[in-house]
Amino acid sequence: MNTSPTTAIDPWLQQLWDQGGSDLLLSGGSAPRIRVDGKLRPLEGAPVLTGDQIDEIAHPLLTPGQIEIFKEMLDVDFAFSWGDRARIRGSIFTQRGQTALALRVIPARIPTFDDLGLPPAATWVSQQPRGFVLVTGPTGSGKSTTLAAIVDKINETRAAHILTIEDPVEYVHNHKMSAVSQREIGLDSPSFDRALRSALREDPDVLLIGEMRDIDSIQIALTMAETGHLVFATLHTNDAPQAIDRIIDVFPAWRQEQTKVQLASSLSAIIAQRLIPKIGGGMVAAYEVLIATSPVRNLIREGRSNQLANVMFTNTKEMMMTLESSLATLIADGVIAYEDAMSVSAHPKELIRTLEQLELTRAKG
């Protein structure tokens, strides 16, 4: 894991930090831009940068090996510690033949469940001895932060070996009640595939896979969950049913029935999330939760993922919830604006109906 030298980028990171932003973007022909509350804007008073200037800024942040990868592949992911305040996750890439740089701030302190407003299911999955837990959502929806909080909870409460495979390592976990081994691709293993395959021999009780990228990583995750491990992973899908379909569709047709059976038997839960601007500033997550009850497992085996939304809506006592019910609660509590909730909902009519029912229930109560 890299440690950042003092560079010209520090003042811009400081402004990003001071304004509570999440991302810094450097692109040729533009002043540095920061993302605050989900919106990108130029830094006031910052100069317009050329690709060569960005190249000079970025290279001190990379190891010699990462520089070689960038020269050959024209993009590389990396991370470094920014003092004792934060980790910085970065991506250096080329656009129109010029170097560009995207950086994301990851606070050094791992947030708690209460900080994030995680649903009760997060506590439940942290207590499971085995199984497969997926956290899904678009890029920038806070998946890594949710997983870091869950892993930290396990670290505090269980005597286990937690193994993470990340590209790059984001949140750094200290040993607490558990022992935590964090492997970074490029630094601790030459490839994601090799790190995953060697994980089978590294005695983990809990495995975190930064991202399931292909058929091999999905198969290894399912196999490890089946063989008595608690496995966490992420996918880029908008909701829980899409995550089920994505996993199954990755496999060739002749393997899909077997995959449905394997997924149904190993799945514990899926948490899908979206970040929405809060009224008054900041961001808040809305969640969707699918728990693998017996009816859910049957639907997965039978390939009827289109019925899972209704199961989530009608099984709130099983800690399940739809994204629309989470959004409706945030609207009713005055946390987010109605328009912002509608912009992220895939089922706006369901959101309206849920909000009306919630308001009616509260009025009666």
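Above: the structure in question.
A brief structural summary. (Residues numbered from 1 in each chain as written. Predicted model: local features only at pLDDT ≥ 70, side-chain atom pairs only at ≥ 80, totals over all residues. Heavy atoms only, no water.)

The next point concerns the side chain of serine 345. Here serine 345 is to be found in the loop between helix H14 (338–344) and helix H15 (348–364). For serine 345, a relative accessible area of 11% gives the class buried. A polar contact of 2.7 Å, which involves the side chain of serine 345, links it to the side chain of glutamate 324. In contact with serine 345, other than residues within four places in its own chain, are Glu324, Leu327 and Leu351. (Helix = DSSP H or I, 4+ residues; strand = E, 2+ residues; numbered from the N terminus. Buried < 20%, exposed > 50% of the residue type's maximum accessible area, 1.4 Å probe, protein only. Polar contact = N/O pair within 3.5 Å; in protein donor to acceptor, adjacent residues only side chain to side chain. Contact = heavy atoms within 4.5 Å.)

A separate point is the packing of aromatic side chains. Across all of its chains, the model carries two aromatic pairs by this definition. Residues tryptophan 17 and tryptophan 82 carry aromatic rings whose centres are separated by 6.1 Å and whose planes lie at 70 degrees to one another, so their mutual orientation is edge-to-face. In this pair, tryptophan 17 is assigned in helix H1 (residues 10–18) and tryptophan 82 in strand E5 (residues 75–82), connecting sequence segments 65 residues apart. The ring of phenylalanine 113 carries lysine 153 above its face, with NZ or CZ at 5.2 Å from the centroid. (Phe/Tyr/Trp six-rings, centres within 6.5 Å; stacked < 30°, edge-to-face > 60°. Lys NZ or Arg CZ within 6 Å of the ring centre and 35° of its normal.)

Attention now goes to the nonpolar core. By size, the foremost hydrophobic cluster in this structure holds 64 residues, and its most contacted members are Phe132, Leu134, Ile209, Met212, Phe232 and Leu263. Take this core: its biggest share by element is six residues, from helix H8 (residues 215–226). Aside from chain neighbours lying at most four places away, what touches isoleucine 209 is Ile165, Phe192, Leu196, Ala221, Val231, Phe232, Ala233 and Thr234. Grouped together as the second largest cluster of nonpolar side chains are 28 residues, Leu13, Leu61, Trp82 and Ala86 included. (Core = buried A, V, L, I, M, F, W, Y, C linked by side-chain atoms within 4.5 Å.)

Counted by the stated rule, this structure contains 14 salt bridges. Linking arginine 197 and aspartate 193 is a salt bridge whose minimum nitrogen-to-oxygen distance equals 3.2 Å. Of the two residues, arginine 197 and aspartate 193 both sit in helix H7 (residues 192–199), four residues apart, roughly one turn of that helix. Arginine 197 is paired through a salt bridge with aspartate 216; the nearest N and O atoms lie 3.9 Å apart. Here arginine 197, found in helix H7, pairs with aspartate 216, found in helix H8; they are 19 residues apart in sequence, far enough to count as distant. (Salt bridge = Lys/Arg side-chain N within 4 Å of Asp/Glu carboxyl O.)

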